[in-house]
Each structure stands twice: as C-alpha cells, then as structure tokens.
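Examining the three-dimensional arrangement
Read off the chains here:
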Amino acid sequence: MTAPTALDRFDLAILDILQADNTTPQRVIAQAVNLSAPAVQRRIQRLQSTGVIRANVAVLDPEKVGKPLTIIVEVHLENERPDRTAPLRARIAAEEAVQQCYYVTGEADYLLVVTVASMADYEALTRRLFDGDDNVRRFRTSVALGCLKAGLRVPLGTAPASPVGRVSEA
C-alpha cells in the first residue's frame, strides 16, 4: 500500500466535482471552489500525475450495451503462494468481462465482479479462467438479480468547498 497523497480542501472539492461529472469545465470548477481556472488546471494535472485521478472514463449501462448479467464469483484456491497464483491473476487481469477483482480475507481468496451477455458467455469465461488450473479448488457463482447501488465514487468526507477569500493557488 502507498501512503495517501496530501490533499487540501481545494483538491478535495475539485475531486468531488470531477467524481460527479468529469466533463465539468475547469472555469466552472474554478468558480465553485473559488480559485482561478489556471490554478484548477494545475491541481488537476498534479492529481493526475500523482495517480490520485487514475482515469477519465465513461461509465456505461451494461444492459444497454448487451451485457445484462452481473455475476459475483468467489474463487477458492489450494495455495496462495505468489508463484501458484500468478497465472490465474494474469488471466483475470487480461479478461475484459471481469470488471473488478479483489484479493480478500475470509473463506474465498478472490471476489470477481463479472459482466456478460448470457450464461453461455459466463460458462465460456469460467473455462478460460479456471479450467486446467489445479490451484483453483473451486469457485462459487452468485447472479445479481438486481442492482441497489453501483458506483465508482470515493467518499471524501467533505461537501464541495466554498472557501472565503483566495488562498494559495499552487
């Protein structure tokens, strides 16, 4: 794990706005956080270069693009040694149907969130990921019947800042 990046209230306010809509013009962000547009631009560039902002992407509705099934997969391994898990980890990382993969505590070793068009596609995916891997003891499948909440927003613990007066714009 890496140490958290030092973020001030302006950074947090900018990140909060960008998480809601990363197409918000920098001049609008500048007005909202009471900084100049060039200061906002410098801060965004720093947040990108330090990896605080990992990507600027469009979040799609899986159903509307023909991938209506969301499946959660628990993967149970025989051995967690890195040399034994490396091939599986590489297959998971390369598999575009796997939206998320977590190395977890508890009974399972990995939790995967998968989006596919059909159960036949899911079966083919499981063959690609697990067949022939003697380190995979078993996997358990749960099909999502509905979605109560899905998101990528990281809670920052602040409301958008509206500082009084200007401070350092660096």
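The sections below set out a description of the structure shown in this document. Quick caveat, the model's predicted, so the values are computed rather than measured. (Residues numbered from 1 in each chain as written. Predicted model: local features only at pLDDT ≥ 70, side-chain atom pairs only at ≥ 80, totals over all residues. Heavy atoms only, no water.)

Points about the overall build of the protein
Along the protein, the regular secondary structure elements total five helices and four strands. The helix and strand sequence of the protein, counted from the amino end, reads α-α-α-β-α-β-β-α-β. Whereas a compact globule of 170 residues would reach a radius of gyration of roughly 15 Å, the protein reaches 21 Å, over 25% beyond that. Projecting the C-alpha coordinates of the protein onto the three principal axes gives extents of approximately 60 × 35 × 25 Å. Relative to its 170 residues, the protein shows a buried fraction of 30%. Counting only contacts in the protein whose residues sit at least 6 apart along the sequence, the fraction spanning at least 24 positions is 69%. Summing over all exposed atoms, the protein offers an accessible surface of approximately 11,200 Å²; the carbon and sulfur share of this is 54%. A distance of 7 Å separates the average location of the 20 positive side-chain charges in the protein from that of its 20 negative side-chain charges. (Helix = DSSP H or I, 4+ residues; strand = E, 2+ residues; numbered from the N terminus. Rg over C-alpha atoms; globule rule 2.2 N^0.38 Å. Buried < 20%, exposed > 50% of the residue type's maximum accessible area, 1.4 Å probe, protein only. Contact = heavy atoms within 4.5 Å. Areas by Shrake-Rupley, 256 points an atom, 1.4 Å probe, with all protein chains shown as cover. Lys, Arg positive; Asp, Glu negative; His and termini not counted. Charge placed at Lys NZ, Arg CZ, Asp CG, Glu CD.)

Details of the pattern of salt bridges
This structure, assessed with the given rule, holds 11 salt bridges. A salt bridge links Asp11 to Arg43, with the nearest nitrogen and oxygen atoms 2.8 Å apart. Placement of Asp11 in helix α1 (residues 9-20) and of Arg43 in helix α3 (residues 37-49) is noted, with a sequence separation of 32 residues between them. By relative accessible area, which is 2% here, Arg43 ends up buried. For Arg127, the salt bridge goes to Glu123, with nearest N and O atoms at 3.3 Å. (Salt bridge = Lys/Arg side-chain N within 4 Å of Asp/Glu carboxyl O.)

Let's talk about unusual backbone geometry
Located in the positive-phi region is Asn34, a residue other than glycine, with phi close to 65°. Along the chain, Asn34 turns up in the loop between α2 (26-33) and α3. Given a relative accessible area of 24%, Asn34 falls into the partly exposed group.

Some thoughts on the pairing of strand β2 (residues 98-103)
Pairing between β2 and strand β3 (residues 110-116): five bridges, direction antiparallel. The residue of β3 that forms the bridge with Val98 is Val114. Counting the residues that bridge the hairpin from β2 to β3 gives six residues, and of these Gly106 lies at a positive phi of roughly 105°. (Pairing = 2+ DSSP bridges.)

Here's the deal with the sheet that holds strand β1 (residues 69-77)
Taking strand neighbours across the sheet as the criterion, the four strands line up as β2-β3-β1-β4 in an open arrangement whose pairing is antiparallel. Both edges of this open sheet fall to β2 and β4 (136-143), since each of them pairs with a single strand only. Averaged over all adjacent pairs, the angle separating strand axes in this sheet is 20°, with direction ignored. For β1 and β4, the ladder comprises seven bridges, and the chain directions are antiparallel. Within the sheet, the bridge partner assigned to Ile72 lies in β4 and is Ser142. (Axes fitted to C-alpha atoms, helices over the stretch in contact; angles between N-to-C directions.)

Here's the deal with the nonpolar core
Ranked by size, the top nonpolar core spans 17 residues in total, and within it Val73, Val75, Leu88, Leu112 and Val114 carry the most contacts. At the level of elements, β1, α4 (82-94), β3 and α5 (119-130) are the ones that each hand at least two residues to this core. When residues no more than four places from it in sequence are discounted, the contact partners of Leu112 are Ile71, Ile72, Val73, Val75, Ile92, Val98, Gln100, Cys101 and Leu129. Core analysis: the second largest hydrophobic core is formed by 15 residues, Ala13, Ile14, Ala39 and Leu47 among them. (Core = buried A, V, L, I, M, F, W, Y, C linked by side-chain atoms within 4.5 Å.)

Some points on α4
Given a rise of 1.5 Å per residue, 13 residues ought to cover 18 Å, and the 17 Å separating the end C-alpha atoms of α4 matches this to within 8%. A maximum bend of about 25° is found in α4 at Leu88. The set of residues buried in α4 consists of Thr85, Leu88 and Ile92. At its buried positions, α4 is contacted by β1, β2, β3, α5 and β4. (Expected span 1.5 Å × (residues − 1). Bend = angle between axes of the 7 residues up to and from the residue.)

Structural notes on the environment of Arg27
With respect to the helices, strands and loops of the structure, Arg27 is situated in helix α2. The class for Arg27 is exposed, based on a relative accessible area of 56%. With 11 residues separating them along the chain, Arg27 and Pro38 place their C-alpha atoms 8.7 Å apart.

Concerning the packing of α4 against α5
Running from N to C, α4 and α5 cross one another at 145°; their axes reach a closest spacing of 9 Å. Mapping the contact onto sequence places Leu88, Arg91 and Ile92 in α4 and Arg128, Leu129 and Phe130 in α5. Grouping the constituent residues of the contact of α4 with α5 by class yields four nonpolar, no polar and two charged. (Nonpolar A, V, L, I, M, F, W, Y, C, P; charged D, E, K, R; others polar.)

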